[in-house]
Amino acid sequence: MTAEVRSDAAAGDRVDERRPRVVVGVAGGIAAYKACELLRRFTESGHDVTVVPTAAALEFVGAPTWAALSGKPVAADVWNAVHEVPHVRLGQQADLVVVAPATADLLAKAAHGLADDLLTNTLLTARCPVVLAPAMHTEMWEHAATTANVATLRSRGVVVVEPAEGRLTGADTGRGRLPDPVEIFELARDVLARSSAGAAAGELLDLAGRHVVVSAGGTRERLDPVRFLGNRSSGRQGYALARAAAARGARVTLVAANTDLPDPAGVGVVHVETTAELRAAIVDAAGAADAVVMAAAPADFRPTAESDTKIKKSADGSAPTITLEQNPDILAEISAQRARPGQVIVGFAAETGDATGSVLDLARAKLARKGCDLLVVNDVSGGAVFGSADNEAVLLGADGTTSPVPRGSKGALAHVIWDRVTALLASPAP
Ligand code: CTP
C-alpha cells in the first residue's frame, strides 16, 4: 500500500490508501441505530469506512446520519455514480465487510448469492473477511430456513456472530438481540487484524465447528449476607480468550465469576458466584466441548458455614473465628475425567515463587499435579497482572515444551493460546 491519498471526485469520497477500508453494511432492522456506534468506533480508530445501508435500513436511520458519522456520501442502490461501478468496487477494495444488524432477509440473500442492491452486490464481490451480526426476533432466528442459511454462510468462511439474549423490539425477550456494538467492533477488529497480519482465509476461522469453554473472573465465597472471601481477578484475560475464540469461528461458552465486563459478541455467558457454581457450570459445558480453558481464579477455600445474619463485632473486642474447608479443584477434576477423547484442557498458574522453588519450578509441579495439556504461567510477584490490559506469560506444555510469550495485550496472549490449542486439536497427544 502507498501513502498516497486518492480523491474519488465523482463518488465524492476520499480514500486514504494507508487506512484499512471497512464497509459497514446496515440491514433494515430496529437495531440499525446501534450501527451508529459501531461506525463511530471504526472511524475514530483510523479506519476508512463506507456505510452501505439497505433501503429498509434507511427507513430506520436516515442517510444524513450515516454521511455525517462516516464523512462520506451514502448510497444504498447501484444507480449512484454508475460510471464508478460502485457495486463491484466497494467489495473488491474492502479489507473487511461488517453487516450489523443482518436481518433474516439479508442472511437469506447472502447465502443464496442474490444481489439486488448495493450491499448484497458488495457481499458478492468482497474477497476480504466478512462479519455478519444478525438481529431479529427469536422465531426468525430459530427458523429452519435461517439456520440453514447461517450454516451455509459459515461453511463459506463468513463469521456469523451468535445474537445475544435479551429484550427485543417491543416487550419480547429472547435470543435475537444485536450484541453490544462495541463488542461487535472488537470482534471485527480482531478478524481484520489477523487477516492483515497474513492469516489465510482457511486459518482465520480455524476454530469453526469447535465448541470451547472458557472460565473467567474470581469466585466469591459468602461469609454472611454482606461479606465474602474473594480475590483480585478482573476476568479480562478470560474475556479476551472468549472474544478471540469467537473471532476464530468457535462456539464459545464463557463461565464468568463476578466480573463487570460487557458480554463479548457472539459468546454465550453463564454468570456464577462461588467455586461450587463455577464447577457445576464448567462440568456441564465441558461435556460437549473440544477445549476448556480455566482462566478463572476459583477460591480454594470456603467457609464451612455461611451465616444467615450479619456477623457482629463482639463487645470484648475478640475477632470471630472463621473455619474454612477446601473447594474442589475443577481443573484437576476435568483433566482426570476428560469428557471427550482428545479434549484439550488449559490451566493458568499465577505464581510468585518462594523458598521451595522458582516460579517455573512451582508451575511445572502444578502442571503435573493438575494433569492438563497446557499451563499458562504468570509471574504475579507484586500483583503484576491483575486488572492490567497487558500480560506476559510462559506456556508450559505437558509434552515438556516451554514457550515464553513476551509482554503484550491480553488479546495477543489469547491468540497464542488458541494457536497452541488448535495445534493440539489437530494432532492429539497419543
Ligand atoms: N483451579 C481450579 N479449581 C480450583 C483452583 C484453581 O480449577 N479450586 C484452576 C485455575 O482456574 C487455574 C489453575 O487451577 O487454571 C491454577 O490455579 P492456581 O490458583 O494457580 O492453583 P491452585 O490449585 O489454587 O494452587 P495453589 O496451591 O498454588 O494456590
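Fair warning: this is a prediction, and the values are worked out from it, not measured in the lab.

Conventions we followed
Residues numbered from 1 in each chain as written. Predicted model: local features only at pLDDT ≥ 70, side-chain atom pairs only at ≥ 80, totals over all residues. Heavy atoms only, no water. Helix = DSSP H or I, 4+ residues; strand = E, 2+ residues; numbered from the N terminus. Buried < 20%, exposed > 50% of the residue type's maximum accessible area, 1.4 Å probe, protein only. Contact = heavy atoms within 4.5 Å. Areas by Shrake-Rupley, 256 points an atom, 1.4 Å probe, with all protein chains shown as cover. Lys, Arg positive; Asp, Glu negative; His and termini not counted. Charge placed at Lys NZ, Arg CZ, Asp CG, Glu CD. Near = heavy atom within 4 Å. Polar contact = N/O pair within 3.5 Å; in protein donor to acceptor, adjacent residues only side chain to side chain. Nonpolar A, V, L, I, M, F, W, Y, C, P; charged D, E, K, R; others polar. Pairing = 2+ DSSP bridges. Axes fitted to C-alpha atoms, helices over the stretch in contact; angles between N-to-C directions. Parallel < 35°, antiparallel > 145°, perpendicular 65-115°, else oblique. Left-handed = near helix turned anticlockwise from the far one by under 90°. pLDDT = per-residue confidence, 0-100. Salt bridge = Lys/Arg side-chain N within 4 Å of Asp/Glu carboxyl O.

Engineer: Where do I start with the overall build of the chain in this structure?
Structural biologist: In terms of helices and strands, the chain carries 15 helices and 21 strands. Overall, the C-alpha framework of the chain stretches about 85 × 50 × 40 Å when taken along its three principal axes. For the chain, the residues scored as buried account for 48% of the 430 residues in total. Contacts spanning at least 24 positions in sequence make up 68% of the contacts within the chain whose residues lie at least 6 apart. Roughly 19,500 Å² of accessible area belongs to the chain as shown, and the carbon and sulfur atoms make up 53% of that amount. Averaging the coordinates of the 42 positive side-chain charges in the chain and doing the same for the 50 negative ones gives two points 2 Å apart.

Engineer: Would you mind going over the site of the ligand with me for this structure?
Structural biologist: Near the ligand there are 14 residues, and of these Met 294, Ala 296, Leu 331, Lys 366 and Lys 370 occur at the shortest range. Separating an oxygen atom of the ligand from a side-chain N or O atom of Asp 300 is a distance of 2.7 Å. Lys 370 places a side-chain nitrogen or oxygen 2.6 Å from an oxygen atom of the ligand. Look at the ligand: alone it shows 570 Å² of surface, and the protein chains cover 77% of it. Looking at the shell around the ligand, the elements that each hand over two or more residues are helix 13 (330-336), strand 18 (344-351) and helix 14 (359-370). With four residues, the single largest contributor to the shell around the ligand is strand 18. Taken together, the residues of the shell around the ligand sort by class into nine nonpolar, one polar and four charged.

Engineer: What exactly am I supposed to notice about the sheet that holds strand 7 (residues 159-160) here?
Structural biologist: Each strand in a sheet pairs with another by means of backbone hydrogen bonds, the pair being arranged parallel or else antiparallel. In space, the five strands of this open sheet follow the order 4-3-5-6-7, with parallel pairing throughout. Unpaired on one side and paired on the other, strand 4 (48-53) and strand 7 mark the two borders of the sheet. Of the strands in this sheet, strand 5 (96-102) and strand 6 (130-134) touch helix 5 (residues 104-112), which is tilted by about 140° from strand 5. On the sheet, helix 6 (residues 118-125) packs against strand 3 (21-26), strand 4, strand 5 and strand 6 and is oriented at approximately 140° with respect to strand 5.

Engineer: Would you mind going over the packing of helix 5 against helix 8 (residues 144-155) with me for this structure?
Structural biologist: The axes of two packed helices give the description: the angle between them and the distance between them. As a packed pair, helix 5 and helix 8 sit with axes 9 Å apart at the nearest point and diverge in direction by 50°. It follows that helix 5 is oblique to helix 8 by the angle criterion. Note on packing geometry: the crossing formed by helix 5 with helix 8 is left-handed. Facing helix 5, whose interface residues are Ala 104, Leu 107, Ala 108, Ala 110, Ala 111 and His 112, helix 8 presents Thr 146, Asn 149, Val 150, Thr 152 and Leu 153. Of the residues that constitute the contact of helix 5 with helix 8, the class distribution is seven nonpolar, four polar and no charged.

Engineer: What is the right way to look at helix 6 in this model?
Structural biologist: Residues that lie three or four places apart on an α-helix share one face, since the helix turns once every 3.6 residues. Most of helix 6 sits inside the fold, with seven of its eight residues counted as buried. Burial in helix 6 covers these residues: Leu 118, Leu 119, Thr 120, Asn 121, Thr 122, Leu 123 and Thr 125. Its buried side turned inward, helix 6 meets strand 3, strand 4, helix 4 (86-93), strand 5, helix 5 and strand 6.

Engineer: Got a minute to help me understand the confidence of the model for the chain in this structure?
Structural biologist: Caution is warranted with low-pLDDT regions, since their predicted coordinates should not be read in detail. Overall, the prediction assigns the chain a mean pLDDT of 91, with 94% of residues at 70 or greater. Between residues 1-14, whose pLDDT stays under 50, and residues either more than four places distant or in other chains, the model counts 32 contacts.

Engineer: Quick question: what am I supposed to make of the pattern of salt bridges here?
Structural biologist: Note on pairing: side chains with opposite charge can pair once their charged atoms come close. Scanning the model with the defined rule gives 23 salt bridges in all. A salt bridge links Asp 105 to Lys 109, with the nearest nitrogen and oxygen atoms 3.1 Å apart. Of the two residues, Asp 105 and Lys 109 are both situated in helix 5; the distance of four residues between them amounts to about one turn of the helix. Note on Lys 109: relative accessible area 17%, which makes it buried. Where Glu 183 meets Arg 243, a salt bridge forms, and the shortest distance between an N and an O atom there is 3.1 Å. Residue Glu 183 is located in helix 9 (residues 181-196), and its partner Arg 243 is located in helix 11 (residues 236-247); the two are separated by 60 residues in the primary sequence. Among the residues examined, Arg 243 registers a relative accessible area of 22% and is labelled partly exposed. Connected via shared salt-bridge partners are Glu 37, Arg 40, Arg 41 and Glu 44.

Engineer: Help me out: how do you make sense of the pairing of strand 15 (residues 291-294) in this one?
Structural biologist: For a regular strand, the rule is simple: side chains alternate between the two faces of the sheet. Residues of strand 15 alternate between two faces, with Ala 291 and Val 293 on one and Val 292 and Met 294 on the opposite face, all of them buried. As judged from the four bridges shared by strand 10 (residues 211-217) and strand 15, these two strands associate in the parallel manner. If you follow Val 212 over to strand 15, its bridge partner there is Ala 291.

Engineer: For this particular structure, what's the right way to read unusual backbone geometry?
Structural biologist: Of all residues except glycine, most have a negative phi; of all peptide bonds, most are trans. The linkage connecting Ala 100 with the following residue, Pro 101, adopts the cis geometry, with an omega of -5°. Relative to the helices and strands, Pro 101 resides in strand 5. In the Ramachandran plot, Asn 258 falls in the positive-phi region, its phi being about 55° despite a non-glycine side chain. A relative accessible area of 25% means that Asn 258 is categorised as partly exposed.

Engineer: What exactly am I supposed to notice about the sheet that holds strand 14 (residues 267-272) here?
Structural biologist: Taken together, eight strands build an open sheet; the order of strands is 14-13-10-15-18-19-20-21 and the sheet is mixed. Edge positions in the sheet fall to strand 14 and strand 21 (402-409), since each of these pairs with one other strand and no more. Across this sheet, the average inter-strand angle for adjacent strands is 20°, counted without regard to direction. Judged from the seven bridges that link them, strand 10 and strand 13 (residues 251-257) form a sheet pairing that is parallel. Within strand 13, the position partnered with Val 213 by the bridge is Thr 253.

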